[in-house]
Amino acid sequence: MKICVTAIKPSLEAPVDPHFGRCNYFLMVDPVTMDFKYINNRHVSASGGAGVQAAQETIGEGIDVLITGSVGPNAYSLLSSENVTIKSFCSGSVREAIEAYRSGSLENIDAANSPGKHGL
Amino acid sequence: MKIAVASGKGGTGKTTVAVNLAIALGSAQILDCDVEEPNCNLFLGYDLEKQEDVEIMVPELDSGKCTLCGRCADLCQYNAIAKLPRSIRLFPKLCHGCGGCTLICPEKAIIEKRRSIGLIEKGTNENCSIELFQGTLDIGEPMASPVIRQLQAHIDESTVAIIDSPPGTACSVIASVAGMDYCVLVTEPTPFGLNDLVLAVEVVRQMNIPFGVVINRNGLGDGRIEDYCRTESIPVLMRIPFDRDIAVLYSKGIPFVEAMPIWKENFRELYKHISKSVSYRGGV
């Protein structure tokens, strides 16, 4: 299983970044071993469509679960069409997010919860 | 002669200046390029007639031909195409209509289709001396520039065209101001007015368009706009006072030159000043 957590820095102790499309880093974490790899978000300051790129990139990594604070409408439609489970967590570290996920205490994000930005 | 009326800050009086200038000249075109909320007609009250739809080209995918090579998604600078493991997904509202994806697709699986994003309307007064062209962007559409560019195709070079620009300094303002002979920047003597004026000045300087400032609600706030213009050698073309009578006329949708003849003269003087600056530069 692969869990993507949005993070401010590429570390398990870093705070979770609350914005999916415009987070600093995507951490791909194996929740059993806590091994992870990270991807720099090259689209953090894109004028539009950052969420589309973030979804394309993380889906390409083969993630099963996304843990973040908010997801825009375009990213949500891509993630849900690929059956990625989206969980809400935005105050605490990446490690705490994974622990909360394992304990089953995270709520689902069942619809886009950020207005997103449709270009210029 | 093509004159854009712009501002950094919103609500400074662009429409007031554009409409009053047109009426004072007696014969002019007004192009309301603030297509997200066109409002010139509040002061003109014309019956508007639809001229045409504004359409942009957006991609459509023939998924039978698509091999998921992903070149279209890599190419798209506006992130309007996503390549997923088993499909390509298109986001028409992010598309800027450049057509690059149709060119790069090796399977010719992407074709372009027209999509309507707004409309152009026209109205005029009884003796047809002041013509209004108004663009309206459909609700929920993000891209104003194609509507503005199509609106500007209606400019009649033989008369004075006055462009009422949207506020700010983003794409829609660039589209409104590009190619104009002169730009009037309307501001107000407040900290916000100055902050946004400075940004607007940076834009018109970079576009190499001659410009001057109109200070609206003069008397409100302080002298910071005057100080800035003096330091930067920017001409202050007109000062419209912070005046109750003007505000009352505005609230009734009456252009104040119609009730205050002296202002007709003032706006004609403003136009003379603009003509001189433009001809001095070898323009119209």
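Residues numbered from 1 in each chain as written. Chains lettered and ligands numbered in written order. Predicted model: local features only at pLDDT ≥ 70, side-chain atom pairs only at ≥ 80, totals over all residues. Heavy atoms only, no water.

**Remarks on the overall build of chain A**
- Secondary structure assignment for chain A yields three helices and six strands.
- In sequence order, chain A lays out its α and β elements as β-β-β-α-β-α-β-α-β.
- The C-alpha radius of gyration computed for chain A amounts to 13 Å, which stays within 12% of the reference 14 Å derived for 120 residues, consistent with globular compactness.
- Its C-alpha atoms give chain A principal-axis dimensions of about 40 × 25 × 25 Å.
- With 120 residues in all, chain A has 51% of them scored as buried.
- Taking the contacts inside chain A whose residues are at least 6 apart along the sequence as the reference set, 52% of them involve residues at least 24 apart.
- With the model as given, the accessible surface of chain A reaches about 5300 Å², and the carbon-plus-sulfur share is 49%. (Helix = DSSP H or I, 4+ residues; strand = E, 2+ residues; numbered from the N terminus. Rg over C-alpha atoms; globule rule 2.2 N^0.38 Å. Buried < 20%, exposed > 50% of the residue type's maximum accessible area, 1.4 Å probe, protein only. Contact = heavy atoms within 4.5 Å. Areas by Shrake-Rupley, 256 points an atom, 1.4 Å probe, with all protein chains shown as cover.)

**Topic: the interface of chain A and chain B**
- Chain A puts 18 residues into the contact, and the matching count from chain B is 17 residues.
- The interface formed by chain A and chain B includes one salt bridge.
- Among the ionic pairs, R86(B) bridges to E82(A), the shortest N-O distance being 3.0 Å.
- For the pair chain A and chain B, the number of links is seven residue pairs in polar contact (both at pLDDT 80 or more).
- Those elements that place two or more of their residues in the side of chain A that touches chain B are α1 (50-60) and α2 (73-81) of chain A.
- Counting residues per element, the side of chain A that touches chain B draws most heavily on α1(A), at five residues.
- The residue inventory of the side of chain A that touches chain B, partitioned by class, reads six nonpolar, ten polar and two charged. (Salt bridge = Lys/Arg side-chain N within 4 Å of Asp/Glu carboxyl O. Polar contact = N/O pair within 3.5 Å; in protein donor to acceptor, adjacent residues only side chain to side chain. Nonpolar A, V, L, I, M, F, W, Y, C, P; charged D, E, K, R; others polar.)

**Some words on the nonpolar core**
- The biggest cluster of nonpolar side chains holds 74 residues, and the ones touching the most others in it are F20(A), L66(A), L79(A), C183(B) and L185(B).
- Broken down by element, this core gets its largest block of residues, five residues, from helix α7 (residues 191-206) of chain B.
- Beyond its immediate stretch of four places on either side in the chain, L185(B) contacts A6(B), S7(B), L197(B), A200(B), V201(B), V204(B), F211(B), G212(B), V213(B) and V214(B). (Core = buried A, V, L, I, M, F, W, Y, C linked by side-chain atoms within 4.5 Å.)

**Here's the deal with the sheet that holds strand β9 (residues 182-187) of chain B**
Residues and elements named next belong to chain B.
- In space, the nine strands of this open sheet follow the order β3-β6-β7-β2-β8-β1-β9-β10-β11, with mixed pairing throughout. Here the strands that pair on one side only, and so sit at the sheet edges, are β3 (49-61) and β11 (236-241). Going across the sheet, the axis of each strand differs from the next one's by a mean of 20 degrees, ignoring polarity.
- Alignment of β9 against strand β10 (residues 211-218), held across five bridges, turns out to be parallel. Bridged to V186 within β10 is V214.
- Each of β9, β10 and β11 touches helix α8 (residues 224-232); the most contacted strand, β10, lies at about 165 degrees to it. (Pairing = 2+ DSSP bridges. Axes fitted to C-alpha atoms, helices over the stretch in contact; angles between N-to-C directions.)

**A look at the domain arrangement of chain B**
- Under the domain assignment used here, chain B contains domain 1 (2-54 + 117-280) and domain 2 (63-108).
- Relative to domain 2 of chain B, the C-alpha centre of domain 1 of chain B lies at a distance of 39 Å. (Domains from an automatic or database assignment.)

**Considering the pairing of β11(B)**
- Sheet topology places β10(B) next to β11(B); four bridges connect them, and they run parallel. Looking across to β11(B), one finds that V214(B) is bridged to M238(B).

**Topic: the packing of α7(B) against α8(B)**
All names here are of chain B.
- Between α7 and α8, the least distance of the axes is 10 Å, while the angle of their chain directions is 25 degrees. The angle between α7 and α8 places the two elements in the roughly parallel class. In the packing of α7 onto α8, the handedness of the crossing is right-handed. On α8, the residues that touch P191, G193, L194, L197, V198, V201 and R205 of α7 are R224, I225, Y228 and E232.
- The class makeup of the residues in the contact of α7 with α8 is seven nonpolar, one polar and three charged. (Parallel < 35°, antiparallel > 145°, perpendicular 65-115°, else oblique. Left-handed = near helix turned anticlockwise from the far one by under 90°.)

**Regarding the pattern of salt bridges**
Residues and elements named next belong to chain B.
- Inspection of every chain in the model, using the stated rule, returns 18 salt bridges over all chains.
- Linking R239 and E226 is a salt bridge whose minimum nitrogen-to-oxygen distance equals 2.6 Å. Taken together, the residues span a long stretch of sequence, with R239 in strand β11 and E226 in helix α8 at a distance of 13 residues.
- Since its relative accessible area comes to 39%, R239 is described here as partly exposed.
- A salt bridge links E269 to K272, with the nearest nitrogen and oxygen atoms 3.3 Å apart. Here E269 and its partner K272 are both found in helix α10 (residues 261-280), three residues apart, which amounts to about one turn of the helix.
- For E269, a relative accessible area of 44% translates into the label partly exposed.

**Looking at the environment of K108(B)**
- With respect to the element layout, K108(B) can be found in the loop between α4 (100-104) and β6 (110-124).
- Sequence separation between K108(B) and L61(B) is 47 residues, and the spatial gap between their C-alpha atoms is 9.2 Å.

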